[in-house]
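Inside the fold
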Amino acid sequence: DAMVIQNPRYQVTQFGKPVTLSCSQTLNHNVMYWYQQKSSQAPKLLFHYYDKDFNNEADTPDNFQSRRPNTSFCFLDIRSPGLGDAAMYLCATNLWDRGQETQYFGPGTRLLVL
Amino acid sequence: DAKTTQPPSMDCAEGRAANLPCNHSTISGNEYVYWYRQIHSQGPQYIIHGLKNNETNEMASLIITEDRKSSTLILPHATLRDTAVYYCIVRLNRDDKIIFGKGTRLHILP
């Protein structure tokens, strides 16, 4: 059973039109992460939540915002998408495994900006 | 910045062992070595992690040198489904962020 669910899997938006990507997790874990992955590049951490505490990476553009209304759900809002924001967006949470917590990733949402 | 260095790509024949190296010369004593892989168009998948001792699970083995400055991920019998980008990551503890480096693109050759 899927533990991290991302919807939709593919999202098309227009240049400058706000878009929201969603993520939910069934693990009831207090940490959730958002990554951006551009073509042929490694995933890049945008921000993460520890409970309701929001932690923004220093180089995450202001155009990217996030909301976490409850433990299970987390949203990524892109206020004015540019062509350079086209990417795969990955959500992750933590999973306890053999004495160490590891990150468990969802399948990602691929965003296309027209 | 990622604290690891990996070759950009490697080839391995199907059925043979794939040995993926990783350098982490600045690792500190309480940092773990993690390996993830990412198959095309999927999210990264956890493989294995270790601190000092060698580790083995159903997917792979992790060999960490005695000085902990490098490690090797071993896929014992590579299949075509193991074609992916493999990321070696150094991480402090469960609250530490995962920072991905460039990874190694592993091609399994039929």
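Rules of the game
- Residues numbered from 1 in each chain as written.
- Chains lettered and ligands numbered in written order.
- Predicted model: local features only at pLDDT ≥ 70, side-chain atom pairs only at ≥ 80, totals over all residues.
- Heavy atoms only, no water.
- Helix = DSSP H or I, 4+ residues; strand = E, 2+ residues; numbered from the N terminus.
- Buried < 20%, exposed > 50% of the residue type's maximum accessible area, 1.4 Å probe, protein only.
- Polar contact = N/O pair within 3.5 Å; in protein donor to acceptor, adjacent residues only side chain to side chain.
- Contact = heavy atoms within 4.5 Å.
- Salt bridge = Lys/Arg side-chain N within 4 Å of Asp/Glu carboxyl O.
- 1 Å grid on protein atoms, 1.4 Å probe; cavity = no way out; pocket = protein on both sides within 12 Å on 5 of 7 lines; lining within 4 Å.
- Points joined across faces, edges and corners; volume = space filled by probe spheres on them.
- Nonpolar A, V, L, I, M, F, W, Y, C, P; charged D, E, K, R; others polar.
- Phe/Tyr/Trp six-rings, centres within 6.5 Å; stacked < 30°, edge-to-face > 60°.
- Pairing = 2+ DSSP bridges.
- Axes fitted to C-alpha atoms, helices over the stretch in contact; angles between N-to-C directions.

1. With respect to the side chain of Gln6(A)
Residues and elements named next belong to chain A. Among the structural elements, Gln 6 can be located in strand E1 (residues 4-7). Here Gln 6 falls in the buried class, since its relative accessible area comes to 2%. For Gln 6, the side chain forms a polar contact with the main-chain oxygen of Tyr 89, separated by 2.9 Å. Within the structure, the side chain of Gln 6 is placed 2.9 Å from the backbone nitrogen of Gly 108, a separation counted as a polar contact. Excluding its chain neighbours within four sequence positions, the residues that come into contact with Gln 6 are Ser 22, Cys 23, Trp 34, Tyr 89, Leu 90, Cys 91, Gly 106, Pro 107, Gly 108 and Thr 109.

2. A short note on the pattern of salt bridges
Taken as a whole and assessed by the stated rule, the structure comprises 4 salt bridges over all chains. Residue Asp77(A) pairs with Arg67(A) through a salt bridge whose shortest N-O separation is 2.7 Å. With Asp77(A) in strand E8 (residues 73-78) and Arg67(A) in strand E7 (residues 64-67), the pair connects residues that are 10 residues apart, well separated along the chain. Residue class for Asp77(A) comes out buried when judged on its relative accessible area of 13%. The salt bridge partner of Glu31(B) is Lys3(B), with a shortest N-O separation of 2.9 Å. Within this pair, whereas Glu31(B) is found in the loop between strand E2 (18-23) and strand E3 (32-38), its partner Lys3(B) is found in the segment before strand E1 (9-13), the two being separated by 28 residues in sequence. According to the relative accessible area criterion, Glu31(B) is buried, its value standing at 8%. Accessibility expressed as a relative area gives 36% for Lys3(B), which makes it partly exposed.

3. Some details on the side chain of Asn94(A)
Residue and element names in this part refer to chain A. Looking at the element boundaries, Asn 94 is found in strand E9 (residues 87-97). Since its relative accessible area comes to 1%, Asn 94 is described here as buried. Polar side-chain contacts of Asn 94 include one of 3.5 Å to the side chain of Tyr 33.

4. Quick notes on empty space enclosed by the protein
Counted according to the given criterion, the structure contains 1 cavity of 30 Å³ or more. What the largest cavity holds in volume is close to 30 Å³. Lining the largest cavity we find Arg9(A), Tyr10(A), Met88(A), Arg110(A) and Ser41(B). Its residues assigned to classes, the lining of the largest cavity shows 2 nonpolar, 1 polar and 2 charged.

5. Focus on the packing of aromatic side chains
This structure, assessed with the given rule, holds 13 aromatic pairs over all chains. When the centroid spacing of 5.2 Å and the interplanar angle of 55° are considered together, the rings of Tyr49(A) and Phe54(A) count as tilted. Among the residues examined, Phe54(A) registers a relative accessible area of 37% and is labelled partly exposed. Measuring from ring centre to ring centre gives 5.9 Å for Phe105(A) and Tyr36(B), while their planes differ by 85°; the resulting arrangement is edge-to-face. A residue pair is termed interchain when its members come from two chains, as with Phe105(A) in strand E10 (residues 100-105) and Tyr36(B) in strand E3. Classification of Phe105(A) by relative accessible area gives buried; the value is 7%. Through a chain of ring-to-ring contacts, the aromatic side chains of Tyr33(A), Tyr35(A), Phe105(A), Tyr34(B), Tyr36(B), Tyr46(B), Tyr87(B) and Phe100(B) assemble into a single cluster.

6. Points about the sheet that holds strand E4 (residues 45-50) of chain B
All names here are of chain B. Read from one edge of the open sheet, 5 strands run E1-E9-E8-E3-E4, paired in mixed fashion. The sheet is open, and its two edges are formed by E1 and E4, each paired on a single side. With direction set aside, neighbouring strand axes in the sheet form an average angle of 25°. Strand direction decides the pairing type here: E3 and strand E8 (residues 84-91), joined by 7 bridges, are antiparallel. Counterpart to Trp 35 in the pairing with E8 is Cys 88.

Keep in mind these numbers describe shape, not what the thing actually does.
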